[in-house]
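# Tertiary structure, described
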Amino acid sequence: LNGTSTNDFIFLQLFWGLVAMTTSTSSTTTNDGIAPSADTLATPPNPFPKIVTLGSNQALQQQQIINSIIKLTTKSIPPNVLYLSNCPSTCNLSDTADYKLITSQFIDRNCRVKCHNIVFSSIQEDLEHLVRSWADVIVCNWKDGECDRIDMLRDAVLSKEIVLCGDARLMNEIFATANDTASTEGWSYTTAGTAIANSSHAQTMLAGHTKVIGIDDLAAHVMIGNHAMAISGQKDSSCHIMFLDESKVVTSTPLPTNWEDPIPVEELIEFHEPATGEHLEALEEYVDTDFVIADDVIPESTAEQVITNNDQNQDEVFPKIVAAGRMKALQMQPIVDKVIELSGSELPKLLYVGTASFDRTDKFNICTKRFRDMGCEIRRLDVSEEETVPSLEDMRSLVVVWAEVIMCSGGNTLHALIRWKDCGLDLLMKEAAMNGTVLCDGSAGAGCWFSSLHTDSLRPDNTKNMEHVINELDDEDLQDWDYAKISGLGFVPAMCVPHFDTTGTNGNARSDDAEKIMQEDPTTPAIGVDENAALVVVGNDAYAVSGDGEATCHVVVPDERNAGETFSAPLPTTWNEGVPMEELLDFATPATGEHLEALEDHVDTDFVIADDIQDIVNEANTEINSLVSGDDIAPTVPKIVAAGIGRALQLKPIVDKVIELSGVDLPKILYIGTASFDRSDKMLLNIKAFRDLGCEIRRLDVSEEETVPSPKEMRELVIDWAQVILCSGGNTLHALIRWKEIGLDLMIKEASLKGTVLCGGSAGAGCWFSSLHTDSLRPDNTKNREAVINELSEEELEDWDYAKISGLGFIDAMCVPHFDKSGTNGNARSDDAEKILLANPTTPAIGVDENAALVVVGNDAYAVSGDG
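Residues numbered from 1 in each chain as written. Predicted model: local features only at pLDDT ≥ 70, side-chain atom pairs only at ≥ 80, totals over all residues. Heavy atoms only, no water.

## Regarding the overall build of the chain
- Scanning the chain from N- to C-terminus turns up 30 helices and 39 strands.
- Looking at the 868 residues of the chain, the share that counts as buried comes to 58%.
- Within the structure as shown, the chain displays about 35,500 Å² of accessible surface, and the carbon and sulfur contribution to it stands at 46%. (Helix = DSSP H or I, 4+ residues; strand = E, 2+ residues; numbered from the N terminus. Buried < 20%, exposed > 50% of the residue type's maximum accessible area, 1.4 Å probe, protein only. Areas by Shrake-Rupley, 256 points an atom, 1.4 Å probe, with all protein chains shown as cover.)

## So, the environment of Ser238
- Positionally, Ser238 belongs in the loop between strand S11 (227-232) and strand S12 (239-244).
- Residue classification places Ser238 among the buried positions, given a relative accessible area of 5%.
- The spatial distance from the C-alpha of Ser238 to the C-alpha of Gly55 is 9.1 Å, given a sequence separation of 183 residues.
- Excluding residues within four positions of it along the chain, Ser238 makes contact with Gly214, Ile215, Asp216, Ala219, Ala230, Leu255 and Thr257.
- At a separation of 2.6 Å, a polar atom in the side chain of Ser238 contacts the main-chain carbonyl oxygen of Leu255. (Contact = heavy atoms within 4.5 Å. Polar contact = N/O pair within 3.5 Å; in protein donor to acceptor, adjacent residues only side chain to side chain.)

## A few points about the nonpolar core
- One finds Trp420 and Leu425 to be the most contacted residues of the largest nonpolar core, which totals 93 residues.
- By residue number, the principal contributor to this core is helix H14 (residues 413-423), which donates six residues.
- Residue contacts for Trp420: discarding those within four places in its chain leaves Val353, Thr355, Val383, Cys408, Leu425, Asp426, Met429, Cys448 and Leu489.
- Among the nonpolar cores identified, the runner-up in size contains 67 residues, and Leu82, Trp142, Ile150 and Ile263 belong to it. (Core = buried A, V, L, I, M, F, W, Y, C linked by side-chain atoms within 4.5 Å.)

## Digging into the pairing of strand S9 (residues 212-216)
- Here S9 lies mainly inside the structure; five of its five residues are buried.
- Both faces of S9 are covered, namely the face carrying Val212, Gly214 and Asp216 and the face carrying Ile213 and Ile215.
- The pairing of S9 with S12 spans four bridges and is antiparallel. Paired with Ile213 across the two strands is Ile241, which belongs to S12. (Pairing = 2+ DSSP bridges.)

## Brief notes about the packing of aromatic side chains
- Summed over the entire model, instances satisfying the criterion amount to eight aromatic pairs.
- If you follow Lys114 out to its NZ or CZ, it ends over the ring of Trp134, 4.7 Å from the centre.
- The side chain of Arg380 reaches across the aromatic face of Phe364, ending 5.2 Å from its centre. (Phe/Tyr/Trp six-rings, centres within 6.5 Å; stacked < 30°, edge-to-face > 60°. Lys NZ or Arg CZ within 6 Å of the ring centre and 35° of its normal.)

## Points about the side chain of Ser232
- Its location among the elements puts Ser232 in strand S11.
- For Ser232, the side chain forms a polar contact with the main-chain oxygen of Gln234, separated by 2.4 Å.
- One polar contact links the side chain of Ser232 to the main-chain carbonyl oxygen of Ser237, over a distance of 2.8 Å.

## Here's the deal with a negative patch on the surface
- A contiguous patch of negative charge on the surface is contributed by Asp474, Asp475, Glu476, Asp477, Asp480 and Asp482.
- Mapped onto the fold, Asp477 is located in helix H18 (residues 475-479).
- Judged by its relative accessible area of 38%, Asp477 is partly exposed. (Patch = residues over 30% accessible without salt bridge, like charges linked within 9 Å, V, L, I, M, F, W, Y side chains within 5 Å. Salt bridge = Lys/Arg side-chain N within 4 Å of Asp/Glu carboxyl O. Lys, Arg positive; Asp, Glu negative; His and termini not counted. Charge placed at Lys NZ, Arg CZ, Asp CG, Glu CD.)

## Here's the deal with helix H6 (residues 150-159)
- With respect to burial, H6 is a largely interior element, seven of its ten residues being buried.
- Considered for burial, the residues of H6 that qualify are Ile150, Met152, Leu153, Arg154, Ala156, Val157 and Leu158.

## Some points on the sheet that holds strand S16 (residues 350-353)
- Within the open sheet, the eight strands sit side by side as S17-S16-S18-S19-S15-S24-S25-S28. Their pairing is mixed. With partners counted over all chains shown, the strands left at the sheet margins are strand S17 (378-381) and strand S28 (579-580), one partner each.
- Across three bridges, the pairing between strand S18 (residues 405-408) and strand S19 (residues 438-442) is parallel. Each residue of the ladder has a partner; that of Val405, found in S19, is Val438.

## Quick word on the sheet that holds strand S37 (residues 845-848)
- Taken together, four strands build an open sheet; the order of strands is S35-S34-S36-S37 and the sheet is mixed. Looking at which strands have only one partner, the edges of the open sheet turn out to be strand S35 (803-806) and S37. Averaged over neighbouring strand pairs, the angle between their axes works out to 25° when direction is ignored.
- When strand S34 (residues 769-774) meets strand S36 (residues 811-817), the two strands line up parallel, connected through three bridges. (Axes fitted to C-alpha atoms, helices over the stretch in contact; angles between N-to-C directions.)

## Focus on the pattern of salt bridges
- On inspection of all chains with the given rule, the structure shows 37 salt bridges.
- Here Asp701 ties to Arg699 by a salt bridge, and the two come within 3.1 Å at their closest N and O atoms.

## Quick word on the state of the cysteines
- Evaluation of the coordinates by the stated rule reveals zero disulfides.
- Take Cys767: it sits in no disulfide, and the sulfur closest to it among the cysteines is that of Cys727, at 5.0 Å.
- The class of Cys767 is buried, set by a relative accessible area of 1%. (Disulfide = S-S within 2.5 Å.)

## Some words on the side chain of Glu786
- Residue position: Glu786 is located in helix H28 (residues 785-791).
- Excluding residues that lie within four positions of it along the chain, Glu786 makes contacts with Ala569, Pro570, Pro572, Phe587 and Arg679.

## Details of unusual backbone geometry
- Residue Val637 is joined to Pro638 through a cis peptide bond whose omega torsion reads 5°.
- With respect to the secondary-structure elements, Pro638 resides in the loop between helix H21 (613-625) and strand S29 (639-643).
- Phi is positive for His499, which is not a glycine, with a value near 55°.
- Among the structural elements, His499 can be located in the loop between strand S22 (492-497) and helix H19 (510-520).
- For His499, a relative accessible area of 14% translates into the label buried.

Encoded structure:
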């Protein structure tokens with residue numbers, strides 16, 4: 001069979017009489033149409049019998065099988081093992097070759113092993129004691145008809161936590177019915193399940209629509225209650241569902257051996273049967289179907305959302321989506337944590353929708369494992385087949401009313417979308433999303449939430465009975481398929497590319513094929529999701545989460561300048577909050593501005609506008625002194641907190657100085673992110689401490705020409721409203737050029753004269769000085785730096801020099817931020833700054849360590865350490 005020796009297979013009667021004793025239902029939904037909870041579906045309602053049927057005694061030499069047997073035991077660790085066999089009265093069982101073969105692996109694991117010779121009737125009472133009171137595992141190995149205590153063994157296994165092991169012949173003997181045949185609901189299994197000499201014998205066994213399980217020599221069939229699974233001892237060993245096809249030819253389907261949990265026996269026996277549904281016969285005809293129902297759910301950005309901190313109650317924000325690269329990513333703690341966090345509950349009620357995987361219980365077990373382990377209440381909704389679909393009212397009570405998390409499996413996305421559209425589940429999920437229900441999962445369960453997705457739905461084995469298809473087709477047939485771009489439900493306005501870092505069975509890399517599709521149809525940006533990563537969407541914001549610390553998401557956008565080309569950039573996984581979706585989708589696109597094409601041409605530009613500020617202040621103080629008596633009034637402007645890095649503005653001693661200089665407990669803060677190209681992730685990093693305090697925060701975006709407000713609006717923000725101006729780190733030269741072009745530099749000077757605090761780290765520190773030591777010419781110091789890093793070699797990324805440029809002139813010195821660090825060019829900031837000073841010794845320098853700040857008040861200055 002299957003091109004191997006028929007002696008590799010032993011045929012097992014599946015004990016339907018036994019199954020009938022351990023379960024009262026074979027349906028995956030209850031009578032009222034509502035799916036039962038996970039403890040009904042994922043584990044047997046009755047934990048016993050526990051039966052391990054071996055392909056041969058050699059299987060007990062395989063570590064995976066021994067480990068599985070031990071894992072089934074619950075009373076003693078390591079378990080007590082009872083070996084039952086028969087031999088002449090002159091024989092010592094423990095000296096036999098079979099005993100040593102069968103028990104050696106248990107002994108190596110420190111199990112206590114006892115043997116019992118069943119032919120000695122005088123010690124049958126001792127046998128009953130061993131079975132009922134001592135044994136955790138019983139291994140049977142006797143000849144046919146040699147044991148007269150089968151009833152006692154059967155009763156013990158059915159009522160106690162005992163694992164019973166033996167080959168198919170003995171299991172059939174122990175659990176055979178009176179007439180040697182058991183049948184349930186039309187299934188018939190003969191007890192002639194001994195080694196089959198030829199396939200004609202198999203045809204005789206399979207006559208009359210009978211199905212049989214074949215067990216390879218080095219495999220085992222595990223049965224727990226009314227659930228079962230296959231265990232492999234060596235590669236390619238498994239169990240096989242044997243059946244007669246329409247031509248009355250014996251055919252088999254191998255069972256997967258990577259399951260961690262068993263599935264219902266009745267589902268296992270039907271494992272080879274294809275899903276129904278006319279659409280599956282010509283799935284490619286549905287590739288152009290429009291499944292979008294949620295494009296109106298996406299909240300639009302408003303000006304207020306763009307320029308204020310605008311904290312919102314997370315419960316009021318929708319949609320909430322965790323879209324992972326594959327199903328197993330939902331077992332990774334960082335991704336699981338995001339689902340829990342978004343649900344707002346420690347143990348959210350989770351609804352599993354397995355349509356894409358054709359409602360297979362093994363896929364249910366994979367997807368829900370971590371949530372079951374946590375103790376979440378889990379229900380499942382099966383709609384892959386027409387006959388399992390509950391009423392619309394029952395579906396609504398599950399999807400809209402009950403669920404806090406909806407988890408949709410991976411698999412065949414196109415099949416799932418067709419079924420959901422047919423039964424109205426798509427609209428119910430939209431309603432649930434608008435109520436704040438979290439939508440999640442991986443692969444198909446990620447792509448379905450997007451406006452479009454890159455899918456392998458047309459892959460020939462992407463079916464319910466994929467193992468059978470793989471077994472039937474040759475490699476050439478299995479590799480002959482193409483990816484497709486199809487519509488999704490429309491919650492996220494992009495094309496999703498799950499499994500972004502893998503290659504399909506057709507030999508084509510997902511990332512390459514997605515770029516090819518975008519080149520042909522450049523209307524939609526794409527988000528690629530690595531297998532061990534997830535895209536988290538909350539309202540209009542999104543960010544990447546890595547499940548393993550390395551995987552991430554990638555933005556792929558068309559190059560508008562060069563037709564047929566694309567930009568691609570990996571998203572950082574260090575963000576704790578999302579950025580606006582439209583900004584994220586623009587992540588890989590370079591900033592505009594002619595000056596960026598030749599930034600070095602602007603190194604000698606004079607940006608100083610505040611070198612006269614002390615003269616202005618002194619003149620004002622002189623006028624005051626002429627009106628009042630007393631000593632000269634010390635100037636109190638400018639007020640500056642210049643830190644070594646942007647993150648230093650999260651350190652309490654430095655934050656406290658900003659608050660102190662502002663003169664109010666909760667100052668109004670204007671964030672200017674020009675140096676970081678107005679990226680929201682940088683804004684969130686810089687303003688975090690102030691937002692946590694409850695300060696009102698607005699942002700002024702002027703990096704791109706189209707985002708610059710009118711001069712009147714800028715003046716109202718910079719001069720009239722702000723009490724603190726916080727400028728980001730990044731490319732100082734770009735920021736100074738933009739400020740000079742639009743007159744923002746002069747407005748900042750006027751605000752400073754009013755007493756507004758000027759602060760920031762890195763570029764947001766150096767800009768206040770008369771000159772600064774900068775890495776503005778670093779090749780990745782750009783808006784889309786991740787894309788640049790992705791494109792350039794290490795040698796190219798390290799080939800750059802520091803430069804000395806002009807600043808705004810509030811402080812008469814050269815600022816050297818990051819003073820205690822080295823750049824990617826390998827040069828220490830402090831060493832390079834000294835080199836520049838030696839070449840041009842006209843200006844003193846002030847180096848600022850990353851976790852420190854220089855505080856300037858009028859003409860006085862001092863250092864503050866953020867970390868001590």
